[in-house]
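Now for the letters of each chain:
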Amino acid sequence: MKRFAAVTLAALMVLTVFASAASAEDAVEIRGPVFNGSNIEDIVGDGITIDATDFAAFYYDIDDNVTTESLSIEKVADNKGNVIGENGIVYTTTIQQVDYEYENTAAGWDNYSLLGFFAEKYIPLKSNSADKLAKLVLDSDDKYTIRTGETLDLGQGYSIEAKQVDVDGEKVWLQFDKDGEYVDDEIISVGTGDSTWDVELDDIQDEDDVVVLKVHVNQVFQGAVDSIAQIEGLWLIDYANAIKIESDDEFGELNDVSINGPTLKITNEDTFTLTRDSTNELAEGLAFKVADTPSNVLRFYIMKELTEPGTYEIRGSVANGEATWNASSFAGFYYDINDNVETEELSVSKLNGNVIEKGGLVYTTSIKDVDYEYENAAAGWDTYPIIGFFAEEYIPLKANSADKLAKLVLDSDDKYTIRTGETLDLGEGYSLEAKQVDVDGEKVWLQFNKDGEYVDDEIVSVGGTGDNTWDVELDDIQDEDDVVVLKVHVNQVFQGAVDSIAQIEGLWLIDYANAIKIESDDEFGELNDVSVQGESLRITNDDTFTLTRDSDEEIGEGMFFKIADTPASELRYYPFVKRTIGDENNTSIENNTIVESNKTEPSDDNATIETPDDNTPATPGETSVEAPTEENKTEPGKESPGFGVVLGLVGLLAVVYIVRRNN
């Protein structure tokens, strides 16, 4: 019996450690329109098509109204229940011409060929053929100022170094590198010519004279101290990873490929099952998310999950006049697919040209009940009230009133294993500490902190009494008492010879410290006429709202309209919000990051440029990377707090030793 218990514990420890270590990074989900019906035949009818105007992941140029991609579910013989028949899913994309971000037609910056390919921007190596592609890395009209000897990181291992500036301050010698290795260089004159350097390379997927980089040098300056080049206009493709698409290629579940000049079409040779309560991978990061519904209901949407650090625009469907957006047509709004719950709506009416008259811009939202991620109705984890508020998830302090709200920080059914003395970072300054485990391994003393300061503590029993859940209730939260701000469910407790461990499964937290009260005289950006009616909140514009062309106009609380650059006779716009993943400062080119090389700069700033020997690549600059510091706390969903793989293995070895000793 001892051997069995020890081995079981060892397995639990290993599974828990690796489950925590492999948890998903922070991500942003972009979803398409929601389809809801009794079965696939009911939903599809004669066929449905999703394109960039209603699926924000697909490439879209609002100024030129250019789309390239579409995904269709067609009426085919094998469609049945939750199964899409053979060749029922059709992905199509076609090369289009788009403008460079840097506008300078006279200098060769007019337009280029682009192809959206599974919600990524690709450049065809031949402008009229979709079979050879390279991902677009950069298309920018930002200004970057670099000194000689410095390197501008372009992303994906590509960089530009300013080698020297001539004594007259009219020329700059630039070098293009890939992964620190020399690729090409050029002396660019800003005194004459168009000041643009087109880097053309051969043998890119058997294609020659492929333009892989365009650089426009705006100004050059030779000073007494610094030699400087100012770049305005950058365009780059990832030529080193260019791909060739052939008819026998397979892209996930899409495996019937057809290339017809500028058009690429891919379908499914086999049936595709929309498995309920799951994310069904389709191809190259595109997936169908399917609700957990009974067999007589089918609900799903197409989605793409973004994980790369950076700031992304989550947009709604494109409008040409008066329009209404809800969670199905605006991916920024809150939506629970399993319960088919949405709370928010934005509408535009009373539109006069590009001016929304008073009361024509209306935002409404109302409280709805949704299930906890951790499902345990017997332990009080059944449903809770939620309200979307300007595309963020909020919790009403009173279940039937929308006037007092706190942002939802966490709703998780992940498992977190912490040792006594360790802290679990819950986000927004909140944390949970395991203080002690009792000698019988049936109770754990937990402490809840905010910004390192004590808030509350509790001894939670898992020894067969109680529901193992700790509800932290606080008073005087926007004048409300008995407000549940944190729910914690303790799954198991272990008191060992080496470690005392608590396993948590079930976490729910609101940002009570920053709870808000909404009153009738509040203003939310351009929305300043507020009405609270019990569970519902309605806010409109008390003044006119102008949809200024070629701009982003804030509606309120981080929600914007993007308006196309169109003539006065046209109007095209959509709502959007921004979402940030990780530390966006890691994306160096987007933040004008300049990296100094370790080479010795010329002692004479007025030295003339020496033409390099084409056969002797210059030594690339080196970039130092600062090692991250370890902290004794972990954000939920990333890795086990203070109980990593190494400690887990140590614990496992200890258990094995005990087993051997007992035998």
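It should be noted that the structure appears before, not after, this text.
Residues numbered from 1 in each chain as written. Predicted model: local features only at pLDDT ≥ 70, side-chain atom pairs only at ≥ 80, totals over all residues. Heavy atoms only, no water.

### Section: the sheet that holds strand 32 (residues 351-352)
Move 1: Read across the open sheet, the three strands follow the order 32-33-49; overall the sheet is antiparallel. Strands at the two margins of the open sheet, each flanked by one partner only, are strand 32 and strand 49 (545-546).
Move 2: Looking at chain direction, strand 33 (residues 355-356) and strand 49 are connected through two bridges and run antiparallel. When the bridges of strand 49 are listed, valine 355 appears paired with threonine 546. (Pairing = 2+ DSSP bridges. Helix = DSSP H or I, 4+ residues; strand = E, 2+ residues; numbered from the N terminus.)

### A closer look at the sheet that holds strand 6 (residues 69-73)
Move 1: Sheet architecture is open: five strands sit in the order 3-6-8-22-21, paired in antiparallel fashion. Whereas interior strands pair on both sides, the edge strands pair on one side only; in this sheet they are strand 3 (48-51) and strand 21 (256-260). Each strand axis lies, on average, 15 degrees off the axis of its neighbour in the sheet, ignoring direction.
Move 2: Here four bridges tie strand 3 to strand 6, and the two strands are oriented antiparallel to one another. Bridge pairing links isoleucine 50 to leucine 71 in strand 6. (Axes fitted to C-alpha atoms, helices over the stretch in contact; angles between N-to-C directions.)

### Let's talk about empty space enclosed by the protein
Move 1: Scanning the entire structure with this criterion turns up three cavities of 30 Å³ or more.
Move 2: Reported here for the second largest cavity is a volume of approximately 40 Å³.
Move 3: As for the second largest cavity, its lining consists of 13 residues, and the residues nearest its centre are Arg31, Asp54, Arg315, Ser329 and Ala331.
Move 4: Class assignment for the residues of the lining of the second largest cavity results in five nonpolar, five polar and three charged. (1 Å grid on protein atoms, 1.4 Å probe; cavity = no way out; pocket = protein on both sides within 12 Å on 5 of 7 lines; lining within 4 Å. Points joined across faces, edges and corners; volume = space filled by probe spheres on them. Nonpolar A, V, L, I, M, F, W, Y, C, P; charged D, E, K, R; others polar.)

### A look at the packing of aromatic side chains
Move 1: Taken as a whole and judged by the stated rule, the model has 41 aromatic pairs.
Move 2: Here the aromatic rings of tyrosine 100 and tryptophan 235 are separated by 6.0 Å at their centres, their planes lie at 75 degrees, and the arrangement is edge-to-face. Of this pair, tyrosine 100 sits in strand 9 (residues 96-104) while tryptophan 235 sits in strand 19 (residues 227-237), and the two are 135 residues apart along the sequence. Judged on exposure class, the residue tyrosine 100 and its partner tryptophan 235 are both buried.
Move 3: Measuring from centroid to centroid gives 5.5 Å for phenylalanine 117 and tyrosine 122, while their planes differ by 90 degrees, and the two rings are edge-to-face. With respect to class, phenylalanine 117 is no different from tyrosine 122; both count as buried.
Move 4: Taken together, Phe55, Phe58, Tyr91, Phe117, Phe118, Tyr122 and Phe251 form an aromatic cluster joined through their ring pairs. (Phe/Tyr/Trp six-rings, centres within 6.5 Å; stacked < 30°, edge-to-face > 60°. Buried < 20%, exposed > 50% of the residue type's maximum accessible area, 1.4 Å probe, protein only.)

### A few points about a negative patch on the surface
Move 1: On the surface, Asp277, Asp292, Asp339, Asp369, Asp371, Glu373, Glu375, Asp382, Asp413, Asp414 and Glu535 cluster together into a patch of negative charge.
Move 2: When contributions to the negative patch are tallied by element, the ones reaching two or more residues are strand 35 (368-376) and strand 38 (401-419).
Move 3: With respect to the secondary-structure elements, aspartate 339 resides in the loop between strand 29 (335-336) and strand 30 (341-342). (Patch = residues over 30% accessible without salt bridge, like charges linked within 9 Å, V, L, I, M, F, W, Y side chains within 5 Å. Areas by Shrake-Rupley, 256 points an atom, 1.4 Å probe, with all protein chains shown as cover. Salt bridge = Lys/Arg side-chain N within 4 Å of Asp/Glu carboxyl O. Lys, Arg positive; Asp, Glu negative; His and termini not counted. Charge placed at Lys NZ, Arg CZ, Asp CG, Glu CD.)

### Some thoughts on the nonpolar core
Move 1: In terms of nonpolar packing, the biggest core is built from 94 residues, with Phe117, Phe288, Phe300, Phe389, Met559, Phe561 and Tyr573 touching the most fellow members.
Move 2: Discounting residues that sit within four places of it in the chain, phenylalanine 300 has contacts with Pro33, Val34, Phe35, Ile40, Ile43, Ile73, Leu274, Phe288, Lys289, Val290 and Ile337. (Core = buried A, V, L, I, M, F, W, Y, C linked by side-chain atoms within 4.5 Å. Contact = heavy atoms within 4.5 Å.)

### A short note on unusual backbone geometry
Move 1: The phi dihedral of asparagine 87 is positive, around 60 degrees, even though this residue is not glycine.
Move 2: Look at asparagine 87 and you get partly exposed, because its relative accessible area is 34%.

### Let's talk about the pairing of strand 25 (residues 286-290)
Move 1: Burial analysis of strand 25 places four of its five residues in the buried class, which makes it a mostly covered element.
Move 2: Pairing between strand 24 (residues 278-283) and strand 25: five bridges, direction antiparallel. Looking across to strand 25, one finds that alanine 283 is bridged to leucine 286.
Move 3: The loop that links strand 24 with its antiparallel partner strand 25 comprises two residues; one of these, glutamate 284, has a positive phi angle of about 50 degrees.
Move 4: Sheet topology note: the strand 25/strand 26 (residues 298-306) ladder contains five bridges and is antiparallel. Bridge pairing links phenylalanine 288 to isoleucine 302 in strand 26.

### Section: the side chain of asparagine 280
Move 1: Assignment of secondary structure puts asparagine 280 in strand 24.
Move 2: There is a polar contact of 3.2 Å between the side chain of asparagine 280 and the backbone nitrogen of threonine 275.
Move 3: A distance of 3.3 Å separates polar atoms of two side chains, one belonging to asparagine 280 and the other to serine 278.
Move 4: Residues within four places of asparagine 280 in sequence aside, it is in contact with Phe272, Thr273, Leu274, Thr275, Ala287, Phe288 and Val290. (Polar contact = N/O pair within 3.5 Å; in protein donor to acceptor, adjacent residues only side chain to side chain.)

### Here's the deal with the pairing of strand 19
Here is the key point about a regular strand: its side chains alternate between the two faces of the sheet.
Move 1: Burial analysis of strand 19 places ten of its eleven residues in the buried class, the great majority of the element.
Move 2: With nine bridges joining them, strand 12 (residues 129-147) and strand 19 adopt antiparallel strand pairing. Bridge pairing in strand 19 places lysine 143 opposite glutamate 232.
Move 3: Relative to strand 19, strand 18 (residues 210-222) runs antiparallel, the two being bridged by eight bridges. Note that in strand 19 the partner of valine 215 across the bridge is leucine 234.
Move 4: Where strand 18 folds back onto strand 19 in an antiparallel hairpin, the turn is made up of four residues.

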